[in-house]
Amino acid sequence: LKNAESNAEFKNLDTESLKIWHIAVHEAQQGRRRTYRAHGRIGPYCSCPCHVEMILQEEAEPVEAAKEEVKPKRFTKKQMAMRRLKIGGDK
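Residues numbered from 1 in each chain as written. Predicted model: local features only at pLDDT ≥ 70, side-chain atom pairs only at ≥ 80, totals over all residues. Heavy atoms only, no water.

Draft legend 1. Here's a closer look at the overall build of the protein chain. When helices and strands are tallied, the protein chain shows 2 helices and 4 strands. In the protein chain, the succession of helices and strands from N to C terminus is α-β-β-β-β-α. Computed over C-alpha atoms, the radius of gyration of the protein chain comes to 33 Å, more than 25% over the 12 Å expected from 2.2 N^0.38 for 91 residues, which places it beyond the range of a compact globule. By its C-alpha atoms, the protein chain is 110 × 40 × 15 Å across when sized along the principal axes. A buried classification covers 7% of the 91 residues belonging to the protein chain. Residue pairs in contact within the protein chain that sit at least 24 positions apart in sequence constitute 51% of those at least 6 positions apart. Entry remark: accessible area of the protein chain is about 9,700 Å², with carbon and sulfur atoms responsible for 52%. (Helix = DSSP H or I, 4+ residues; strand = E, 2+ residues; numbered from the N terminus. Rg over C-alpha atoms; globule rule 2.2 N^0.38 Å. Buried < 20%, exposed > 50% of the residue type's maximum accessible area, 1.4 Å probe, protein only. Contact = heavy atoms within 4.5 Å. Areas by Shrake-Rupley, 256 points an atom, 1.4 Å probe, with all protein chains shown as cover.)

Draft legend 2. Representation of the environment of Lys19. Tracing the backbone through its elements, the reader meets Lys19 in strand β1 (residues 18–27). Sequence separation of Lys19 and Ala4 is 15 residues, and the distance between their C-alpha atoms is 11 Å. Beyond its immediate stretch of four places on either side in the chain, Lys19 contacts Ile55, Leu56, Gln57 and Glu59.

Draft legend 3. Seen up close, the confidence of the model for the protein chain. Mean pLDDT for the protein chain: 87, with 95% of residues reaching 70 or above. Least confident of the elements in the protein chain is helix α2 (residues 77–88), whose mean pLDDT is 80; most confident is strand β3 (residues 42–47), at 93. (pLDDT = per-residue confidence, 0-100.)

Draft legend 4. Geometry of a negative patch on the surface. A contiguous patch of negative charge on the surface is contributed by Glu5, Glu9, Asp14, Glu16, Glu58 and Glu61. Along the polypeptide, Glu58 turns up in strand β4 (residues 50–58). (Patch = residues over 30% accessible without salt bridge, like charges linked within 9 Å, V, L, I, M, F, W, Y side chains within 5 Å. Salt bridge = Lys/Arg side-chain N within 4 Å of Asp/Glu carboxyl O. Lys, Arg positive; Asp, Glu negative; His and termini not counted. Charge placed at Lys NZ, Arg CZ, Asp CG, Glu CD.)

Draft legend 5. Examining unusual backbone geometry more closely. In this structure, Asn12 is a non-glycine residue whose phi angle is positive, near 60 degrees. Position of Asn12 among the secondary structure elements: in the loop between α1 (2–10) and β1. Positive phi values are uncommon outside glycine, yet His39 reaches one of about 60 degrees. In this structure, His39 sits in the loop between β2 (31–36) and β3.

Draft legend 6. Structural view of a nonpolar patch on the surface. Taken together, Leu1, Ile20, Ile23, Val25, Val52 and Met54 make up a surface patch of nonpolar side chains, about 590 Å² in accessible area. Secondary-structure elements contributing two or more residues to the nonpolar patch are β1 and β4. Ranked by residues supplied to the nonpolar patch, first place goes to β1 with 3 residues. In this fold, Val52 is placed in strand β4. Classification of Val52 as exposed rests on a relative accessible area of 56%.

Written out as structure tokens, the structure is:
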């Protein structure tokens, strides 16, 4: 988190409004070494490192949606003819 905060300061982001958006931990390649045992034997001495991926995002400020004008619906000639048939079709 300290590293992420210093990166945000470097990119001129507001560190107070940062929120954790995504975190993932992945296995890294195993480190293999040897440990020496009794009677001339050698045993494995492995480490299990990982990659931590963390994405921070500035909290968005709420924005009011603009009011849109309602446009009248436009119909084609065929649609208008179908509407006329539905209205006066039961004679």
